[in-house]
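For reference, the chains in residue letters:
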Amino acid sequence: MPCNLYQSAAASLLEDERESLATFEDWLEDLSESSGRAFRGDQILDNLRSESHLLGDGTWGDASEMTEFLRCCVQGHAGVATDQERETGYKSSCLTFEGKGFPIERDHLPDKLLRYSRDEPTALDLIGRVLTDRVKQDVIDKKISLADAFARLGPSSWDSGLVDDLRLGGGAMVFATFEHPAGAPRDHAGNMAAALALPPRPRRRKEILVEFSYPTDSVSKYRFPTVADAGWVQEFKPAAEMEPSRDRPETCFGWTRPTGGWRPQPELVHGNESLRVLDGPPRFVGRY
Amino acid sequence: MNEETFRPCLREDGTVDPDSLKPAGQPWVTTWLKGRFSGDDPYFPLDKRGGEAPSSLIVEILEDAGTAHRSTGLIGEGILDLLDEARQRAPEIPPYLKPALQVCQRASLPGTSTWFTEELQDLAAAPESVEERWGTQLVKEILHGAIRQSPGLGRAASYASWRMILNVPRYATLAWMGLAQSFAASLNYMEDWWKACPVTQRQAEIDQFVFTGLRTEGREQVRALLSPRSRSWPAALKSAVDAALKNNGIPEVFGSQGKGKLNAHQSAILGAARRREIVLLEQQQEQAA
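Residues numbered from 1 in each chain as written. Chains lettered and ligands numbered in written order. Predicted model: local features only at pLDDT ≥ 70, side-chain atom pairs only at ≥ 80, totals over all residues. Heavy atoms only, no water.

**Quick look at the overall build of chain B**
Line of reasoning, step 1. Scanning chain B from terminus to terminus reveals 15 helices and 0 strands.
Line of reasoning, step 2. For chain B, with 289 residues in total, the buried portion stands at 51%.
Line of reasoning, step 3. Considering only intrachain contacts with a sequence separation of at least 6, the fraction spanning at least 24 residues in chain B is 62%.
Line of reasoning, step 4. When the accessible surface of chain B is summed, it comes to about 12700 Å², and 51% of that surface belongs to carbon and sulfur atoms. (Helix = DSSP H or I, 4+ residues; strand = E, 2+ residues; numbered from the N terminus. Buried < 20%, exposed > 50% of the residue type's maximum accessible area, 1.4 Å probe, protein only. Contact = heavy atoms within 4.5 Å. Areas by Shrake-Rupley, 256 points an atom, 1.4 Å probe, with all protein chains shown as cover.)

**Description of the state of the cysteines**
Residues and elements named next belong to chain A.
Line of reasoning, step 1. Scanning the model with the defined rule gives 0 disulfides over all chains in all.
Line of reasoning, step 2. Free of any disulfide, Cys72 has its nearest neighbouring cysteine sulfur in Cys73, separated by 6.2 Å.
Line of reasoning, step 3. Of all cysteine sulfurs, the one in Cys3 lies closest to Cys252, which takes part in no disulfide; the gap is 19 Å. (Disulfide = S-S within 2.5 Å.)

**A few points about the nonpolar core**
Line of reasoning, step 1. Membership of the largest hydrophobic core comes to 80 residues, with the highest contact counts inside it found for Trp32(B), Ile79(B), Trp134(B), Met190(B) and Ile206(B).
Line of reasoning, step 2. Per-element tally for this core: the top contributor is helix H3 (residues 70-89) of chain B, with 7 residues.
Line of reasoning, step 3. Apart from residues no more than four positions distant in its own chain, Trp32(B) is found in contact with Leu21(B), Asp41(B), Tyr43(B), Phe44(B), Leu57(B), Ile58(B) and Ile61(B).
Line of reasoning, step 4. With 75 residues, the next largest nonpolar core counts Leu70(A), Val227(A), Val269(A) and Leu278(A) among its residues. (Core = buried A, V, L, I, M, F, W, Y, C linked by side-chain atoms within 4.5 Å.)

**Re the side chain of Asp138(A)**
Line of reasoning, step 1. Along the chain, Asp138(A) falls in helix H7 (residues 133-140).
Line of reasoning, step 2. Once residues within four sequence positions are removed from consideration, Asp138(A) is found in contact with Lys143(A), Ile144(A), Gln208(B) and Thr212(B).

**Quick notes on a negative patch on the surface**
Residues and elements named next belong to chain A.
Line of reasoning, step 1. A contiguous patch of negative charge on the surface is contributed by Asp26, Glu29, Asp30 and Asp46.
Line of reasoning, step 2. Of all the elements, helix H2 (residues 15-31) adds the most residues to the negative patch, at 3 residues.
Line of reasoning, step 3. Structurally, Asp30 is set in helix H2.
Line of reasoning, step 4. Looking at Asp30, the relative accessible area reads 45%, which means it is partly exposed. (Patch = residues over 30% accessible without salt bridge, like charges linked within 9 Å, V, L, I, M, F, W, Y side chains within 5 Å. Salt bridge = Lys/Arg side-chain N within 4 Å of Asp/Glu carboxyl O. Lys, Arg positive; Asp, Glu negative; His and termini not counted. Charge placed at Lys NZ, Arg CZ, Asp CG, Glu CD.)

**Some points on the confidence of the model for chain B**
Line of reasoning, step 1. For chain B, the average pLDDT comes to 89, and 87% of its residues sit at 70 or higher.
Line of reasoning, step 2. Both confidence scores are given for the complex: pTM 0.89, ipTM 0.90. (pLDDT = per-residue confidence, 0-100.)

**Examining the sheet that holds strand E3 (residues 208-215) of chain A**
Residues and elements named next belong to chain A.
Line of reasoning, step 1. Spatial ordering of the open sheet is given by E1-E3-E6, a layout of 3 strands whose pairing is antiparallel. Edge positions in the sheet fall to strand E1 (112-117) and strand E6 (283-287), since each of these pairs with one other strand and no more. The average undirected angle you get between the axes of adjacent strands in this sheet is 20°.
Line of reasoning, step 2. In terms of strand pairing, E3 meets E6 through 4 bridges, oriented antiparallel. Along E6, the bridge assignment pairs Val210 with Phe284. (Pairing = 2+ DSSP bridges. Axes fitted to C-alpha atoms, helices over the stretch in contact; angles between N-to-C directions.)

**Section: the interface of chain A and chain B**
Line of reasoning, step 1. Each side of the interface is counted separately: chain A has 59 residues, and chain B has 56 residues.
Line of reasoning, step 2. Taken over both partners, the interface formed by chain A and chain B buries close to 5100 Å², and the fraction arising from carbon and sulfur atoms is 45%.
Line of reasoning, step 3. The interface formed by chain A and chain B holds 10 salt bridges in total.
Line of reasoning, step 4. With a closest N to O distance of 2.8 Å, Asp47(B) and Arg118(A) form a salt bridge.
Line of reasoning, step 5. One can count 24 residue pairs in polar contact (both at pLDDT 80 or more) joining chain A with chain B. (Buried area = accessible area lost by both parts, 1.4 Å probe. Polar contact = N/O pair within 3.5 Å; in protein donor to acceptor, adjacent residues only side chain to side chain.)

**Observations regarding the sheet that holds strand E2 (residues 173-176) of chain A**
Line of reasoning, step 1. The 3 strands are arranged E2-E5-E4 (chain A) in an open sheet whose pairing can be described as antiparallel. For this open sheet the edge positions go to E2 and strand E4 (254-255) of chain A, each flanked by a neighbour on one side alone.

**Re the layout of surface pockets**
Space left empty within the atom packing is revealed by a probe, the size of a water molecule, rolled over the atoms.
Line of reasoning, step 1. Approximately 1100 Å³ is the volume found for the largest pocket.
Line of reasoning, step 2. Taken together, 50 residues line the largest pocket, and the ones lying closest to its centre are Gly169(A), Gly170(A), Gly171(A), Phe37(B) and Pro54(B).
Line of reasoning, step 3. When the residues that make up the lining of the largest pocket are grouped by side-chain class, the tally is 23 nonpolar, 11 polar and 16 charged. (1 Å grid on protein atoms, 1.4 Å probe; cavity = no way out; pocket = protein on both sides within 12 Å on 5 of 7 lines; lining within 4 Å. Points joined across faces, edges and corners; volume = space filled by probe spheres on them. Nonpolar A, V, L, I, M, F, W, Y, C, P; charged D, E, K, R; others polar.)

**Comments concerning helix H1 (residues 4-12) of chain A**
Residue and element names in this part refer to chain A.
Line of reasoning, step 1. Among the residues of H1, those classed as buried are Leu5, Tyr6, Ala9 and Ala10. Across the axial projection of H1, the buried residues extend over an arc of 130°, all falling on one side. Exposed residues on H1 whose side chains face more than 90 degrees from its buried face are Asn4 and Ala11.
Line of reasoning, step 2. Elements that come into contact with the buried residues of H1 comprise H2, helix H3 (41-50) and helix H4 (64-77). (Arc of directions from axis to C-beta.)

Dropping the structure here:
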């Protein structure tokens, strides 16, 4: 059953747009049965229908932004010939509506944010900048491990000015989390990835997980993460349709839907920033 | 609804099957790589939440396939097309360039060797104009790629270029690694590298060199390989190597650290000489740069 916001947004579309939306939804649902895809369209559709926080700067329940998002989706879907073009159309719609989740008030957040990254090339760049060119090349050549290299990033060797041109993530907005009373398996890469519901990509080589820590005030544009921020990542789950309230702190930001029985982790997006915002050397959590 | 001509296949375990790329054809592979490296892959969507690097999946496919596989050739040609296109667009830096270089740093792609050799030649001849084209950080990324794709083996087309780049202070360490990839071979270029490397970076690079050497060669072999250099190397280089050994709990080879205590007069003379040497070298490096 679609959430209220989705229903309102769909109802606000013109009649021919509603027909196109139905076609778009059917297409998404069919994608789950296609071979060769690393995602399931029916789960993307479930998420889309549950999205209640894509409100832009509107008030709670105002469906204008969501209507525009759906309109953008159906326009990107109509008039193209191949599934690849349709998939690109949805991705483009998501990019256009990145960072349009309901704003999160600063005082609902702690003073420190955490971001967990699997981006090995950025970790290597950071090593090259802060340590030496040889350390980076030795890690590339597998003569030493990334864990060994990170072990040398003590507070005394850390100079955030050296990583000024590296970024927390790849897009305009990045996902982040923070410490909370229920805790998290922060010292185990696989368990932490499961708690964050990071997509379990089948890989022959192991993934890495690196923890970035930075002051909340060093970044801006705190928002609820939405389906538009997540794109084709089906593991993302939109926040429940509950108006954020100071009396119910759990409604004031998003939550991950973990795998493996781990506790959900708070989740938000904010504007991407340079790694100069880090309050110390990143921590190598491990491989999994 | 499925008017597509091609879609790569997954194996039962969910990994990408390199064989499935074989019928794709060069244009499809190049377009796919360009899109993925630019952040858009409709087949294997990038995970923004965990910051998935676009290059990682491609490196994995190449490691899985091996150098002789047809798909490796297709990917190599696709990356070469992107590198050529980026060169034409310079000084604009297209988003796909850095991921393309990251792949070249980690997997052998013989088809790209010529591109890296050309960059090395340009860098050896006129470092400033190459830096104008790419910027210093990207030049370093290119050199990391060249270490794998166009190493300076004795008879390689890139050898002479690497030798010249060894004299450019900011790239001296990367050139040293481009010329020699084993501990033993590295010793042949160490004195030239020492002269060129910025004074402030020397000890850290030597520390890493010795640390890795101890890991890959073992303590006795490292000491045995270093010993014959006793006569030819300058005192400051030997002292730096001894300090690196000492940091790793290994006895000195050259005895330059704790060999007898100098009196105050001797220490003052030695200290002044070293300071003078550092100033002169820095001046030379500034002029060379």
